[in-house]
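# Commentary on secondary and tertiary structure
Chain by chain, the residues run as shown.
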Amino acid sequence: RAVVDQFCNSRLLGVTATPERLDGKGLGSIFEQMIFGPSVSDLQDAGHLSRAKYYAPTTADISGVKTRCGDFDQSGLESVMNQSKIIGDAVENYALYAAGQTAIAFCVSIDHARNVAEAFCRAGYDAATIDGTLTSTERRSRVEALGNGELKIVTSCEIINEGFDVPIVGGAILLRPTQSLGLHLQQIGRVLRPAPGKDFAVVIDHVGNLSRHGLAHGIRDWSLEDRPKRSGNKGATPDVRQCP
């Protein structure tokens, strides 16, 4: 906002795949017009994005977690998600639905990410975490190891959500509940890059984000106007039903 105000006589172009703020405030105070590019479905049909298979085999109960600054309280989430039973479910369902594929597990905290990586290692998978305590060289090395298949699983808190481009990655393990549609789509988008031999990506949701926000290729009514306040982000979106 400060940059825009400083260059008030300039023409402004914004480019994003997720034109929505967490607090629901529209971008109309900055931009005058929204021009839509191709949808996720269009890009999948053209072969520029992979299709995905979605699984929601077990869902953690976060009904007692409070909302803070528009999203779930992180300390409350960690107390729920950083439990051995839920982490064990993630390992078990990876073996059922995505075994052999490289995958990213999106976690609540650094400690949670480390515990998830350790659980995968104990189960016999090559896994590691990427977090801000590592040097840039260490992070780069682990990303390269994921890209060439030396690592099967990388766990992360925040670092891999956006701008991460390793097309070989075929699995997203959702272990971080969020009320942010943008974050939800960014996380799934990390595994939708097409790659040779990659027929589809696998998304395993343990936190109800698919019910909260829908599938990546769902039709969305993007707008520059303020978004009506959601009633707790509860209940399935129109395009999502969980198979019994």
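Residues numbered from 1 in each chain as written. Predicted model: local features only at pLDDT ≥ 70, side-chain atom pairs only at ≥ 80, totals over all residues. Heavy atoms only, no water.

### Some details on the overall build of the chain
Put simply, the rule reads: Helix numbers and strand numbers start at the N terminus; a helix is a DSSP run of H or I with at least 4 residues, a strand a run of E with at least 2. A radius of gyration in this sense is built from C-alpha atoms; the matching globule rule multiplies 2.2 Å by the number of residues raised to 0.38. Buried, partly exposed and exposed residues are distinguished by accessible area as a fraction of the type maximum, computed with a 1.4 Å probe on protein chains only: under 20%, between the cut-offs, and over 50%, respectively. Should any heavy atoms of two residues lie within 4.5 Å, those residues are considered in contact. To measure how exposed things are, a 1.4 Å probe is used in the Shrake-Rupley method; for residues, cover is taken only from the protein chains shown. Charged-residue counts in this description rest on Lys and Arg as positive and Asp and Glu as negative, His and the chain ends being excluded. The location of each charge is read from NZ of Lys, CZ of Arg, CG of Asp or CD of Glu.
Secondary structure summary: the chain contains 8 helices and 8 strands in total. Taking 2.2 N^0.38 as the reference for a compact globule, 244 residues should give roughly 18 Å; the C-alpha atoms of the chain span a radius of gyration of 18 Å, in line with that estimate. Principal-axis analysis of the C-alpha atoms gives the chain an extent of 55 × 40 × 40 Å. Every one of the 244 residues in the chain was classed for burial, and the buried ones make up 44%. Long-range contacts, defined as pairs at least 24 residues apart, comprise 76% of the intrachain contacts of the chain with a sequence gap of at least 6. When the accessible surface of the chain is summed, it comes to about 13500 Å², and 51% of that surface belongs to carbon and sulfur atoms. Taking the average location of the 26 positive side-chain charges in the chain and that of its 28 negative ones, the two points are 2 Å from each other.

### Some thoughts on helix H7 (residues 181–189)
Across the 9 residues of H7, 9 count as buried, placing the element largely inside the fold. Buried residues of H7: Leu181, Gly182, Leu183, His184, Leu185, Gln186, Gln187, Ile188 and Gly189, and no others. Residues of H7 that are buried sit in contact with strand S1 (52–55), strand S4 (103–106), strand S7 (171–174), strand S8 (201–205) and helix H8 (209–213).

### Looking at the side chain of Ser156
Short version of the rule: Nitrogen and oxygen atoms within 3.5 Å of one another constitute a polar contact, given that in protein one can donate a hydrogen and the other can accept it, and given that sequence-neighbouring residues count only through two side-chain atoms.
The topology assignment puts Ser156 in strand S6 (residues 153–156). In terms of polar contacts, Ser156 uses its side chain to reach the backbone amide nitrogen of Ile159, at 3.4 Å. Setting aside residues no more than four positions away along its own chain, Ser156 makes contact with Ala105, Phe106, Cys107, Ala113, Thr129 and Ile130.

### Let's talk about the pairing of S7
The condition that has to hold: If DSSP finds at least two bridges between two strands, the strands pair. Look down the strands so they point away from you; if going from the first strand over the helix to the second traces a clockwise path, that crossover is right-handed.
Alternating residues of S7 divide into Gly171 and Ile173 and Ala172 and Leu174, and every residue in both groups is buried. As paired strands, S4 and S7 are joined by 4 bridges and run parallel to one another. Counted as the bridge partner of Ala105 is Ile173 from S7. What joins S7 to S8 is H7, and the crossover it makes is right-handed.

### Points about the nonpolar core
Convention followed: We call a set of buried Ala, Val, Leu, Ile, Met, Phe, Trp, Tyr and Cys residues a nonpolar core when their side-chain atoms join them within 4.5 Å.
Counting 53 residues, the largest nonpolar core has Met81, Phe120, Ile173 and Leu175 as the members making the most contacts within it. In terms of residue count, the dominant contributor to this core is helix H4 (residues 84–97) (5 residues). Apart from the residues lying within four places of it in its own chain, the contact partners of Leu175 are Met81, Ala90, Ala105, Phe106, Cys107, Val108, His112, Val116, His206 and Val207.

### Details of the pattern of salt bridges
Selection criterion: What makes a salt bridge here is a side-chain nitrogen of Lys or Arg within 4 Å of a carboxyl oxygen of Asp or Glu, nothing more.
Under the definition given, this model contains 10 salt bridges. Measuring nitrogen to oxygen at the nearest pair gives 2.6 Å for the salt bridge that ties Asp45 to Arg51. When its relative accessible area of 43% is taken as the criterion, Arg51 is described as partly exposed. Shared partners join several salt bridges into a network, and the residues in it are Asp71, Glu158 and Arg176.

### What to know about the packing of H4 against helix H5 (residues 110–122)
For the record, the criterion: Every axis corresponds to a line fitted to the C-alpha atoms, with the helix fit spanning only the stretch in contact, and the corresponding angles, defined between N-to-C directions, vary from 0 to 180 degrees. Angles are sorted into four bins: roughly parallel if under 35 degrees, roughly antiparallel if over 145, roughly perpendicular if 65 to 115, and oblique for all others. Less than a right angle of anticlockwise turn of the near helix away from the far helix marks a crossing as left-handed, whereas a clockwise turn marks it as right-handed. Residue polarity is assigned by list, with Asp, Glu, Lys and Arg as charged and Ala, Val, Leu, Ile, Met, Phe, Trp, Tyr, Cys and Pro as nonpolar; anything else, Gly included, falls into the polar class.
At a closest axis distance of 9 Å, the pairing of H4 and H5 adopts a crossing angle of 45°. As far as their axial angle goes, H5 and H4 are oblique. As for the relative orientation of H4 and H5, their crossing is right-handed in sense. For the pair formed by H4 and H5, the contact residues are Ile87, Ala90, Val91 and Tyr94 on the first element and His112, Asn115, Val116, Ala119 and Phe120 on the second. Grouping the amino acids of the contact of H4 with H5 by side-chain chemistry returns 7 nonpolar, 2 polar and no charged.

### Focus on unusual backbone geometry
Positive phi is not limited to glycine here, since Cys69 has a value of about 55°. For Cys69, the position within the fold is in the loop between strand S2 (67–68) and strand S3 (71–72). The backbone phi angle of Glu158 is positive, close to 80°, even though this residue is not glycine. Note on placement: Glu158 falls in the loop between S6 and S7.

These results come straight from atomic positions and should not be treated as a statement about function.
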